[in-house]
Every structure is written in C-alpha cells, then in structure tokens.
Amino acid sequence: MTYSVAIVLIAFAILLLLYAIWIACLILNNHQQKPRPVLSQNDDLIVFASQSGQAEYFARHTAQQLKHVGQTFTVVDIQYLNVEQLLQANKVLWFVSTYGEGDAPDTARMAVKNIFSDSSLNLSHQSYAILALGDKRYTHFCRFGQVLDQHLQQHQAKALFKMVCVDHLKQADLNCWTQRLEQLTQQQFTSDQPEQNWHTFILKNRVCLNTGSQGKPIYQIQLSYAESTTWSSGDILEVQCGNRLEDIQAFSQAQQQIVDGDLLVTLQFKNLRRVPDRGLNESFEEWIQRFDDLAIREYSIASISEQGGRIELVVRQEITATGLGLGSGWLTEYAVLGQNIVARIRSHATFHLKPTQKPLILIGNGTGIAGLVAHLAQRQQWNEPQNWLIFGERQQQFDHLYKDQIQLWQAQGFLPEVDYAFSRDQAEKIYVQHILQQKSEQLLSWIEAGAAIYVCGSLKGMAQEVEQTLLSLLGAEQLEQLRVEGRYRRDVY
C-alpha cells in the first residue's frame, strides 16, 4: 500500500466516522423532541389545557362528535402547541381549565407565554371558541379562560360565539356548548353522552384517621367493587353525591308522595334544594326526572388496582353554612356501610408515574397523602426503592396519617427518606417548604441524579410555598425544565 493510498483510506474512514456521529445526533435529537401532531395546511385545531384530565376528556369527545358530522379537527395538548401550528389553523376550539384561585394548568404556563408574547402575531384569519371549566366556589371563576380570550382578541382572532363557562361540570353548561356547536355546524350531534364509565361501588369501611386533631376530621374511605376495574396511581375518583335519607323523606312528605323502590333511587342523587316548577298535568315521576343531579366531587385515589378489590380515598369533612359539605358529608356520614356509591375513575395522566428506576421526591400535606401513598405503592410494585417523602400536618400525636404503612415501607427499604413537618408540635411552626430549605443539598443531589418531584395537597399555602422554595433553590429556568421533562408534577386543590 502506497503512502498516498493510505492517506486516502484514513481520510475516508474519518469521513465515515463523522457521518456516523451526525446520524447518531439526529436520532438522539428526534428521540428527545416532544411529540407534536402533524398538521396539513389550514387544519382546524382542538387545543386543550388540562390540570386533572377533564378538559382533555371533553376536547376529545367534541372531536368525535364533529367527526360524526363530517368535520375533522386535530386534537393538541397545549404544551405541544407552537406558533406555526396555530397560524396554520383557520378555526380553533379551546378547552381550558382553571384551578385554584384562577391559575392556568401547569402545562399551559409556558405555552401561553411563548405563543402570545409576540406582539406581531396576527390571527386575523382565525376564528375560535372557548369552553372554560371552573368552579364558582373560587373567587376567579374560569379566569384562565378569560385570559386566553383576551390574548386571542388582542391578536385579532374572531370569536365564533361567547365563551362558555362551565361551573363544576354542570350538565346545563355543557349542553349550552353543544347547542352552540350545533348552531354553528347546522348539524345535530349524536344524543349519546360521552362514555361515562359509571360504576357501582359498595361502601365497605370508613375510619377517622385523626381523632383528637385540632383540624377537621379526616376519614379513610374503602369502597369495594365486583366488576373488573383498573386505574393508575395518581388517578381520580369522581363521586356522584347523594342525599341523606332524612332529606328524601322530608321532601316526599312535603309532596305528599310515597317514595320507595325506583323513585327512592332516583331521588337519591337529585338536587332537592332547587327544583323546577311542576307542570299542571305532569306526573310526580315525570317531574323529578327534570331535577338537576347533585354535583360530582373528585378525590385522589389512595390505592392501586394491583392491591385488589378496593378503592381507597382520604376525605376531610368540610363544614358549610348548611351543614357538612356535599361530597364529604355523603362519604363520611350520610351513606351507610354497605350502601351503593356511584362513581367513575378518571385518568389523571399529568400526575402519572413512569417506571424509571430514578429517585422520586413526594411532597404533600393533609388529604394529599392519598396521591402520595398510591405512588409509593406503585413504586413498590415496580421495585423502585429510591423514594423520599416530605409530609406536613398539625400534630404528630393525632395527625400522623398512614403512620403504620409508612413505617412498614421504611422497614422494607422502599422508603429510605422520610421527613415530617408537624406544624403545631413546636412554638415556631414548621411546614414542608422549611424541610426543603433545610435539606437543600440533598434536594439538589437527588435532582442531579434524575429525581422527579410530585406534589399533592392544598394549593393555598403548601403548594404555593413549595413552588416558591423550589424557585429560590433551583431557579426559574431549571424548575421549568423539570416541568417540561415531566419531572415536576402537581395534583393540588
């Protein structure tokens, strides 16, 4: 082999090596990119911004209804939406939730900032409609929907009709949205409601977990089920609230009507405090069918389906001006053991775990223990022992929720790190954010090792203070990167 030939071969080998490195970088870059829907020119969009899965649920159902009448929309999670995709669309239907005191869903924060911060963004070619989910019990009802509406108007988009605000999933509000879409499309949607997946559970057991506490009673509720039922840790149980038997009897006496059998079952879940006027020739049965249903309440599931045969909830009694709260009163006092509980499981994908063999930091307070113990049970199923629990309540003597189970996990080696913040056990109150500050070096070390942070519990106080502490320790850029990577997730209320 001549010297010149050897030089050529070496150069060729170097080129091959550089080409292989370039191909590997392309593959890695494509693997790391977030999945985005492929849009054709002028493709209409349905965009959802969901904190606990409800907005996504209704977005996908609306897409199915529109498809049945010949209109195709591409469904996009707002966190994967970019300016180019938005500009391509002539029509956009937005499904957005508001949680807490007017906050946007976690997945929507950066997306809205990135998309609408450009003052030159021109959406004058685009029409839109907004379905906003909220709760009038909070001060800023559907605030994120209102903020989004303002952004769209500022960028010259045109509203197809006035924003529809839904108060705590009231069917009348949802019907209003359907009716406006029907008027817009001049098509009647199928009368089928979205697959509800309602199940009948049996109230098997309830026990107060904090007898003697300074706070309101917290109950562990156990529901059994017969049919095959599965869910993931982090999921939510939606419970159809029911009436006390005494309230049904008082109503039937006032109407001079004997109520039993099917009538009793029907009235069990109807709103008896606000009833429509009865028609002149309307039968009692026809009349009560027009009553609104009682509201639905949501609870984090504290067990995993692999544990078999039961769903576990953690419910704090709420006291209102008229007595116990609608959901907490039903589950902790009014329903009797052995009674049927109508409920459905809703996937809460933004709070799901992924099997990673990486560390997990779980932070919460109060009834937020439900989501945390479910995740710990799931981690044990996956044989992932690098777990750190930081939990806050009032007093260790009375409020040490799930004490025995936590100590068992510690003994088994599945929970090597546990820190409690019992705020009333010392003169100076200690909360979970103080634990994070005290153990900042450990926190940074775990995050550097790939740890994810999951927060479950009250938004006011706990979750807000935890986020501020994380911002001060990590910085806004790193915390946002954790959010984008799915390593900072919250189920807060």
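Residues numbered from 1 in each chain as written. Predicted model: local features only at pLDDT ≥ 70, side-chain atom pairs only at ≥ 80, totals over all residues. Heavy atoms only, no water.

Quick word on the overall build of the chain
- Regarding its fold elements, the chain presents 17 helices and 19 strands.
- Its C-alpha atoms put the chain at 110 × 65 × 45 Å along the principal axes.
- Partitioning the contacts of the chain with sequence separation of at least 6, the portion at a separation of at least 24 is 76%.
- Element-wise, carbon and sulfur atoms account for 50% of the exposed surface of the chain, whose accessible area totals about 24,800 Å².
- For the chain, the distance from the average position of its 41 positive side-chain charges to the average position of its 50 negative side-chain charges is 2 Å. (Helix = DSSP H or I, 4+ residues; strand = E, 2+ residues; numbered from the N terminus. Contact = heavy atoms within 4.5 Å. Areas by Shrake-Rupley, 256 points an atom, 1.4 Å probe, with all protein chains shown as cover. Lys, Arg positive; Asp, Glu negative; His and termini not counted. Charge placed at Lys NZ, Arg CZ, Asp CG, Glu CD.)

With respect to the sheet that holds strand β14 (residues 340-346)
- A sheet is described by the order of its strands in space; here 6 strands give the open sequence β10-β9-β14-β7-β8-β11, paired in antiparallel fashion. Only two strands of the sheet have a single partner each, and these edge strands are β10 (296-300) and β11 (310-316). Across this sheet, the average inter-strand angle for adjacent strands is 40 degrees, counted without regard to direction.
- Sheet analysis places strand β9 (residues 236-240) next to β10, joined by 5 bridges and oriented antiparallel. Within β10, the position partnered with Ile-236 by the bridge is Ser-300. (Pairing = 2+ DSSP bridges. Axes fitted to C-alpha atoms, helices over the stretch in contact; angles between N-to-C directions.)

Some details on the layout of surface pockets
- By volume, the second largest pocket is sized at about 840 Å³.
- What lines the second largest pocket is a set of 36 residues, and nearest its centre among them are Gln-79, Tyr-80, Thr-107, Arg-483 and Val-484.
- A per-element tally of the lining of the second largest pocket places helix α4 (residues 109-116) first, with 5 residues.
- For the lining of the second largest pocket, the per-class residue count stands at 12 nonpolar, 11 polar and 13 charged. (1 Å grid on protein atoms, 1.4 Å probe; cavity = no way out; pocket = protein on both sides within 12 Å on 5 of 7 lines; lining within 4 Å. Points joined across faces, edges and corners; volume = space filled by probe spheres on them. Nonpolar A, V, L, I, M, F, W, Y, C, P; charged D, E, K, R; others polar.)

Comments concerning unusual backbone geometry
- Phi angles above zero are rare outside glycine, and Cys-142 is one such case at about 55 degrees.
- Mapped onto the elements, Cys-142 comes out in the loop between β4 (127-134) and α5 (143-154).
- Classification of Cys-142 as buried rests on a relative accessible area of 0%.
- The phi dihedral of Asn-383 is positive, around 55 degrees, even though this residue is not glycine.
- Along the chain, Asn-383 falls in the loop between α11 (369-381) and β16 (387-393). (Buried < 20%, exposed > 50% of the residue type's maximum accessible area, 1.4 Å probe, protein only.)

Quick look at the pattern of salt bridges
- Enumeration over the complete set of coordinates arrives at 22 salt bridges.
- Notably, a salt bridge pairs Lys-270 with Asp-293, separated by 3.0 Å at the nearest N-O pair. One end of the pair, Lys-270, is in the loop between α8 (261-268) and α9 (284-289); the other, Asp-293, is in the loop between α9 and β10, and 23 residues separate them in sequence.
- Note that Lys-439 and Asp-419 form a salt bridge whose closest N and O atoms lie 2.9 Å from each other. With Lys-439 in the loop between α14 (432-438) and α15 (440-448) and Asp-419 in strand β17 (residues 417-422), this residue pair connects regions lying 20 residues apart in the sequence. (Salt bridge = Lys/Arg side-chain N within 4 Å of Asp/Glu carboxyl O.)

Observations concerning the side chain of Thr-332
- Position of Thr-332 among the secondary structure elements: in helix α10 (residues 326-334).
- What makes Thr-332 buried here is its relative accessible area of 5%.
- A distance of 2.5 Å separates a polar atom in the side chain of Thr-332 from the backbone oxygen of Ser-328.
- Dropping the residues within four chain positions of it, Thr-332 is found in contact with Arg-206, Tyr-219, Ile-221, Val-315 and Gln-317. (Polar contact = N/O pair within 3.5 Å; in protein donor to acceptor, adjacent residues only side chain to side chain.)

Here we look at the packing of aromatic side chains
- Considering all chains together, one arrives at 15 aromatic pairs under this definition.
- The side chain of Arg-244 reaches across the aromatic face of Tyr-334, ending 5.3 Å from its centre. (Phe/Tyr/Trp six-rings, centres within 6.5 Å; stacked < 30°, edge-to-face > 60°. Lys NZ or Arg CZ within 6 Å of the ring centre and 35° of its normal.)

Describing the sheet that holds strand β18 (residues 452-457)
- The 5 strands lie next to each other as β17-β16-β15-β18-β19, forming an open sheet whose pairing is parallel. Only two strands of the sheet have a single partner each, and these edge strands are β17 and β19 (488-492). Pairs of neighbouring strands in the sheet enclose a mean axial angle of 10 degrees, with direction left out of account.
- Together, β15 (360-365), β16, β17 and β18 form the strand contacts of α15, whose direction differs from that of β16 by roughly 140 degrees.

Things to note about empty space enclosed by the protein
- One pass over the structure, following the stated rule, counts 1 cavity of 30 Å³ or more.
- In this structure, the largest cavity occupies an estimated 40 Å³ of space.
- Lining the largest cavity, in full, are Thr-98, Tyr-99, Gly-100, Gly-134, Asp-135, Tyr-138, His-140, Phe-141 and Cys-142.
- Split into classes, the residues belonging to the lining of the largest cavity amount to 4 nonpolar, 4 polar and 1 charged.

Digging into the confidence of the model for the chain
- Looking at the chain, pLDDT values average 88 and 90% of them are 70 or higher.
- Of the regions scoring below 50 in pLDDT, residues 18-42 engages in 19 contacts with residues more than four places distant in sequence or in other chains. (pLDDT = per-residue confidence, 0-100.)

Description of α4
- Taken together, the buried positions of α4 are Ala-111, Val-112, Ile-115 and Phe-116. Viewed along the axis of α4, the buried residues span an arc of 95 degrees, placing them on a single side of the element.
- If you follow the buried residues of α4, they end up packed against α3 (83-88), β3 (91-97) and α5. (Arc of directions from axis to C-beta.)

Section: the pairing of β18
- β18 sits mainly inside the fold: 6 of its 6 residues count as buried.
- Burial along β18 is two-sided: the face carrying Ala-452, Tyr-454 and Cys-456 and the face carrying Ile-453, Val-455 and Gly-457 are both buried.
- Pairing of β15 with β18, which is carried by 5 bridges, proceeds in the parallel orientation. Paired with Ile-363 across the bridge in β18 is Val-455.
- Sheet analysis places β18 next to β19, joined by 5 bridges and oriented parallel. Residue pairing for β19: Gly-457 is matched across the bridge by Val-492.

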